[in-house]
Amino acid sequence: MAEDYLPSLSSEESDITQYDTVYIGYPVWATTIPLAVKQFLTQYDLSGKKVIPFCTHNGYGKGRSERDIATICPESEVLEGTAINSKDILSSEQTVTEWLVKIGTTKKEETEIKISVGGYTLDGIIYDTPLAKEIKEEFPLTVSMYGYGGREYYGSMPVVPENTGAGQLNFENGDITYCPTNNSIAIFYAQTSRPDLTMEVIPIGKVTSDLSVFDTLGSRENITFSIAE
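Conventions adopted
- Residues numbered from 1 in each chain as written.
- Predicted model: local features only at pLDDT ≥ 70, side-chain atom pairs only at ≥ 80, totals over all residues.
- Heavy atoms only, no water.
- Phe/Tyr/Trp six-rings, centres within 6.5 Å; stacked < 30°, edge-to-face > 60°.
- Buried < 20%, exposed > 50% of the residue type's maximum accessible area, 1.4 Å probe, protein only.
- Helix = DSSP H or I, 4+ residues; strand = E, 2+ residues; numbered from the N terminus.
- Contact = heavy atoms within 4.5 Å.
- Core = buried A, V, L, I, M, F, W, Y, C linked by side-chain atoms within 4.5 Å.
- Pairing = 2+ DSSP bridges.
- Axes fitted to C-alpha atoms, helices over the stretch in contact; angles between N-to-C directions.
- Disulfide = S-S within 2.5 Å.

A. Fine view of the packing of aromatic side chains. According to the stated counting rule, one finds 7 aromatic pairs in the structure shown. Where tyrosine 146 meets tyrosine 154, the ring centres are 6.2 Å apart and the plane angle is 40°; that geometry is what we call tilted. Note on tyrosine 146: relative accessible area 36%, which makes it partly exposed. The exposure class of tyrosine 154 is partly exposed, given its relative accessible area of 32%. Summarising the aromatic geometry, the rings of phenylalanine 171 and phenylalanine 188 are spaced 4.4 Å apart at their centres and angled 20° between planes, so their arrangement reads as stacked. With phenylalanine 171 in the loop between strand S8 (152–156) and strand S9 (175–179) and phenylalanine 188 in strand S10 (residues 184–188), this residue pair connects regions lying 17 residues apart in the sequence. The pair formed by phenylalanine 171 and phenylalanine 188 is uniform in burial state, with each residue classed as buried. Linked through ring pairs, Tyr153, Tyr189 and Phe214 together constitute an aromatic cluster.

Okay, here's the thing in structure tokens:
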């Protein structure tokens, strides 16, 4: 690496002209891509193609690897990649699924659900991600949920899901989320002066009905999630 030596690739020349999108997977070496990967990016013309990096690492993240790929491929559209800690590889399905949805390369499949609370029945969807599917298996699911901060209702799950992954510290109105830290499910219904969260949440679905109903509810409500018939 110090000499920037590019090794010969062992495989025969590949015809990539037929592809519009190329995924580049690699382990991070000294904060960047391995030189064999650099050789591939140099040897093949990816101009006009969508390049999607993804990598594994041992705790230091993606480093400058994505910036280096963008430098080598100035005529390509380099999308935001994902970086998986090597210790989390076997439990990374949820993280990878959410990443692919985020960058728009796959659609977030969903199932229609009903949310019953305070005499109201609301429409919603639950995603077909591994975590959401696991929680959906508990439907009909009734959770005692508390109102908090004029923005959400949350309550403890009766079971602890296994398919968790990286979450986020923000929300969109209508988000149904799972929080691994305290094993809770929540419905976020309003952005407030405190949009940033202190614990990561993972979106598992969304309320699609009018959210103003939540402004009329009490401080504690039993909320039931069920599959729409």
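B. Looking closely at helix H1 (residues 35–43). Taken together, the buried positions of H1 are Leu35, Val37, Gln39 and Leu41. Summarising the contacts, the buried residues of H1 are in contact with strand S1 (21–27) and helix H2 (65–72).

C. The arrangement of the nonpolar core in detail. Ranked by internal contacts, the top residues of the largest apolar core, which has 31 residues, are Ile115, Ile176, Ile187 and Phe225. If you list the elements that add at least two residues to this core, you get strand S5 (110–117), strand S6 (120–127), helix H4 (130–136), strand S7 (141–148), S9, S10, strand S11 (202–207) and strand S12 (220–227). In terms of residues, this core owes the most to one element, S6, which gives 4 residues. Beyond its immediate stretch of four places on either side in the chain, isoleucine 187 contacts Ile115, Met145, Arg151, Glu152, Tyr153, Asp175, Ile176, Val207, Phe214, Ile223 and Phe225. Grouped together as the second largest cluster of nonpolar side chains are 14 residues, Ile16, Val37, Leu41 and Tyr44 included.

D. Structural view of the pairing of S12. The pairing of S5 with S12 spans 4 bridges and is antiparallel. The partner of isoleucine 115 across the bridge, within S12, is phenylalanine 225.

E. Spatial organisation of the sheet that holds S11. Read around the closed barrel, the 8 strands follow the order S5-S6-S11-S9-S10-S8-S7-S12; overall the barrel is antiparallel. Shown here is a sheet whose adjacent strand axes are inclined to one another by a mean of 30°, direction ignored. As paired strands, S9 and S11 are joined by 4 bridges and run antiparallel to one another. Bridge pairing in S11 places isoleucine 176 opposite glycine 205.

F. Representation of the state of the cysteines within the structure. According to the stated counting rule, one finds 0 disulfides in the structure shown. With no disulfide of its own, cysteine 55 lies closest to cysteine 73 among cysteine sulfurs, the gap being 15 Å. Accessibility expressed as a relative area gives 5% for cysteine 73, which makes it buried.

G. Region of interest: unusual backbone geometry. A cis amide bond, omega -5°, links phenylalanine 139 with the succeeding residue proline 140. Along the chain, proline 140 falls in the loop between H4 and S7. Positioned with a positive phi, aspartate 4 is a non-glycine residue whose angle comes to about 55°. Structurally, aspartate 4 is set in the segment before S1. Note on aspartate 4: relative accessible area 40%, which makes it partly exposed. Residues other than glycine seldom take positive phi values, yet asparagine 183 does so here, at roughly 50°. With respect to the element layout, asparagine 183 can be found in the loop between S9 and S10.

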